[in-house]
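Residues per chain are reported as follows:
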Number of protein chains: 2
Amino acid sequence: MAELSERKNQILASVVELYIKTGEPVGSKGLLAATGMNCSSATVRNEMNELDQLGYLIQPHTSAGRIPSEKGYRYYVDNLMMVRDIDEYTKRMIDAGISSSIGDPEKLVNSARELLADITKCACVSTAPVGETNLVRKIELVPVGRHTAMMVLLTSNGILKSRMCRVDGELNADILEKFYNLVKTFFIGKPSVDISLASVQTVAASVEEDYFIMLPLLAAVSDLAGSTGDSRLVIGGSSNLLALKDYGDSIASLLEFLSRKEPLNDVIHSYKGQLNVSIGSENRYKQLEDSSVVISKYSVNGDDSGTIGVIGPTRMDYENIIPSVRYLTDLVGRLITSALEE
Amino acid sequence: MAELSERKNQILASVVELYIKTGEPVGSKGLLAATGMNCSSATVRNEMNELDQLGYLIQPHTSAGRIPSEKGYRYYVDNLMMVRDIDEYTKRMIDAGISSSIGDPEKLVNSARELLADITKCACVSTAPVGETNLVRKIELVPVGRHTAMMVLLTSNGILKSRMCRVDGELNADILEKFYNLVKTFFIGKPSVDISLASVQTVAASVEEDYFIMLPLLAAVSDLAGSTGDSRLVIGGSSNLLALKDYGDSIASLLEFLSRKEPLNDVIHSYKGQLNVSIGSENRYKQLEDSSVVISKYSVNGDDSGTIGVIGPTRMDYENIIPSVRYLTDLVGRLITSALEE
DNA sequence: AATTAGCACTCGAGCAATAAGAGTGCTAAA
DNA sequence: TTTAGCACTCTTATTGCTCGAGTGCTAATT
């Protein structure tokens, strides 16, 4: 990224900030009025013209002011933005809002996400904690009727999944005991990702009698184990985006996109690093071409465990949103770690 | 409701149906072309004029056709609409879509709701099964660390709730045993609604030593018991509404409304009867004044247990949506009943 | 060489005038 | 009671117009 002159930096930063604030294209005179720069509007115009040709600014039409291009936002985020700590007021809001959910990881992440949506006025996503090293800690089978039972599976990092299952034969104590023996031998302490439908069938094959009663139970185990891996993605605050005039008609396709889990999951997992800002068409999905995504991971016990992120217009308030996301993921990670500690 | 002449009935029905189909105000000539009625456009105009004065039709402006008023929709739904069985194709879609979720009540309701949203192209709500007679069946406390444990509460009709809790002292076998004794004595078999924070404190008072360890555990019990009562309302398909041109700018406030649980919960519970259609300003909430709500309850073992509903524009396709909702709630009720049966 | 003042130019937003078209209500005849 | 005919109303789309914001260029100034 070529360096720009000091004055160009200042002008670009001002254009970005003014445009983020007002939503109106920024003209030379308006910029001058807002910044009190020590030069004339003509000079600003000349500089803007060059920034234009370098691709940092765009003019929507000849007689309008400038708005930042994606390259402009990128340069701003990487080089110009004040890297500052979170705003004290926002910090207090977060601390207060999150306090009631301490203790339960999933609740904590949910409050954090809702809070972030309120603060940023954007849509926010979160995933509940998962770990690569996610071991099956306990499996319970609670009979509900003669043929049905509620199965509960708990993993080492506190994920709990449950479902009903139904068998054809009778669920008596004998069956239950056999089931618990299998569970103890084959599942407890194993990584939940290893419990696939195929591996479960191998286990079922070792059962001689009661094969047809055991099979649905074991299938349920693999279902639950599998679903502890899926990252339980939740999105909230989508309706915040409706209040913005940045999106025109494209808002419909954006919201439709955000309501589907698979692509969103893909978006979230396509970033490396701790905190990632993805601007406009840097996002792989067409539906996000007018949006920016700020994603950050939180770590439990030092391992990356889940994600919290903001999705909003490219014209989002990076300067405040980025520190908020950073602070929040940090806090969530620490709180979950301490909630789970021995 | 005053009876109308046969011809007025026919004209009103045609206006409603054409308007539902096209979204355009219906004029006398267009109506004639679409229905092949055996009279002239002038006659239709006269009739329409009277329907207008009776309040069944509205003209958006002088030189447009007519659209149904709320009273018109109401009369249509109550008296004119073909009461027919569900469309065979829709029925197949439902049967196929729902089959994979049989066995687990909560999954079942969720698939049903998603399915309904796809079919109706509207927003859909559902509540997971609850019963008035919801007894606590089992409480499990699984230690996770020295100070933390996962608590699981299961009710008689298959609702499972869980949360983490953290205590200040050490969670040893002794404490666990004491806890299970309390649970057995005071909670198992009791209606979950009776377990309030206040009642739990009475229980805690009976503990002499370990009071401060037991209190947070008991508080967690009341929290879980309380949350089995809240009906776990979920809304889906909101983004379907964006594709409709019925809502203008009001779409933003509608979607914001739909994203909040409390008022939606209120809406759902404000209806009596089995199946209820609420048109436009018949809804108590201002945000729903341009919408209709079709709500139906499903019954498990003969008791009303949960709700599935459709929220869409007043110009929704009542004739198909109502039978779909009826069929779906019926099916869901039957499937859950059989999944839970002894 | 950089900056600035001045000015002509461009383009979109907003507004009024106009034309076209759809649909009505009324009147008088069948 | 129904219908044909017609004048009338109102919306929508189009056009032409002005206004103003903002630019880019040129020439003068520092």
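Everything below is about the structure shown above.
Criteria and cut-off values
- Counting restarts for each chain: residues are numbered from 1 in the order of the written sequence.
- Chains carry letters and ligands carry numbers; both start at the beginning, A for chains and 1 for ligands, and go up in the order they are written.
- In keeping with the predicted nature of the model, local features appear solely for residues at pLDDT of at least 70, side-chain atom pairs appear and are counted solely at 80 or more, and the whole-chain, interface and lining totals rest on all residues.
- Values reported for side chains reflect all heavy atoms of the structure, with hydrogen atoms and water molecules removed beforehand.
- A pair is scored as a salt bridge if a Lys or Arg side-chain nitrogen falls within 4 Å of a carboxyl oxygen belonging to Asp or Glu.
- Numbering of helices and strands runs from the N terminus; a helix is a DSSP stretch of H or I covering at least four residues, while a strand is a stretch of E covering at least two.
- A contact between two residues is defined here by any heavy atoms of the two lying within 4.5 Å.
- Put simply, buried area is the surface a 1.4 Å probe can reach on two separate parts but cannot reach once they are joined, added for both.
- The near set for a molecule or strand comprises every residue that places at least one heavy atom within 4 Å of it.
- We define a polar contact as two N or O atoms separated by no more than 3.5 Å, with the added condition that, inside protein, one atom must be a possible hydrogen donor and the other a possible acceptor, whereas residues neighbouring each other in sequence contribute only through side-chain atom pairs.
- At least two bridges found by DSSP between two strands is the condition for calling them paired.
- Between the N-to-C directions of two axes lies an angle of 0 to 180 degrees, each axis being a line fitted to C-alpha atoms and, for a helix, fitted only over the stretch in contact.

Participant: Can you tell me about the pattern of salt bridges, naming the residues and giving the values?
Facilitator: All names here are of chain A. Counting across every chain of the model gives 40 salt bridges over all chains. Here Lys178 ties to Asp174 by a salt bridge, and the two come within 3.7 Å at their closest N and O atoms. Taken as a pair, Lys178 and Asp174 lie in helix α7 (residues 173-187) at a separation of four residues, close to a single helical turn. The salt bridge involving Glu289 is made with Lys286; its shortest N-O contact spans 3.1 Å. Three or more residues are tied together by salt bridges with common partners; here these are Arg7, Lys8, Glu47 and Glu50.

Participant: Explain the interface of chain A and chain B to me, using residue names and the numbers behind them.
Facilitator: Quite often, the size of an interface is put as the accessible area lost when its parts meet. Listed per partner, the contact involves 36 residues of chain A and 36 residues of chain B. Interface area for chain A against chain B, summed over the two sides, is near 2900 Å², with a carbon-plus-sulfur share of 60%. Connecting chain A to chain B are two salt bridges. A salt bridge links Asp223 of chain B to Lys107 of chain A, with the shortest nitrogen-to-oxygen separation between them at 3.1 Å.

Participant: Break down the protein's contact with DNA strand C for me, with residues and values.
Facilitator: Taken together, 21 residues form the shell around DNA strand C, and within it Ser40, Thr43, Thr62 and Ser63 of chain A together with Ser28 of chain B come nearest. Backbone sugar and phosphate groups make up 78% of those atoms of DNA strand C lying within 4 Å of the protein. In the model, a base oxygen of DNA strand C is placed 3.5 Å from a nitrogen or oxygen of the Arg45 of chain A side chain. Residue Arg66 of chain B places a side-chain N or O atom 3.2 Å away from a phosphate oxygen belonging to DNA strand C. Contributing elements (two or more residues each) for the surface near DNA strand C: α3 (41-54) of chain A together with α3 (41-54) of chain B. For the surface near DNA strand C, the element with the most residues is α3 of chain A, which contributes four residues.

Participant: Explain the protein's contact with DNA strand D residue by residue, including any values.
Facilitator: Lining the immediate surroundings of DNA strand D are 20 residues, of which Ser28 of chain A together with Ser40, Thr43, Thr62 and Ser63 of chain B lie closest. At 3.2 Å from a phosphate oxygen of DNA strand D is found a side-chain nitrogen or oxygen belonging to Gln59 of chain A. Separating a phosphate oxygen of DNA strand D from a side-chain N or O atom of Thr43 of chain B is a distance of 2.2 Å. At the level of secondary structure, the elements contributing two or more residues to the surface near DNA strand D comprise α3 of chain A together with α3 of chain B. Ranked by residues supplied to the surface near DNA strand D, first place goes to α3 of chain B with four residues.

Participant: So what's going on with the sheet that holds strand β5 (residues 148-155) of chain A? Which residues, and what values?
Facilitator: All names here are of chain A. With antiparallel pairing, three strands are arranged side by side in an open sheet as β4-β5-β6. Since the sheet does not close on itself, it has two edges, and those belong to β4 (136-143) and β6 (160-166), each with one partner. Taken over all neighbouring pairs, the strand axes of this sheet differ in orientation by 20° on average, direction set aside. Two elements, β4 and β5, share seven bridges in a ladder whose sense is antiparallel. Across the sheet, Lys138 pairs through a bridge with Leu154, a residue of β5. Sitting on the sheet, α7 is in contact with β4 and β5, with an inclination near 170° to β4.

Honestly, that's just the spatial picture; any functional story needs more than this.
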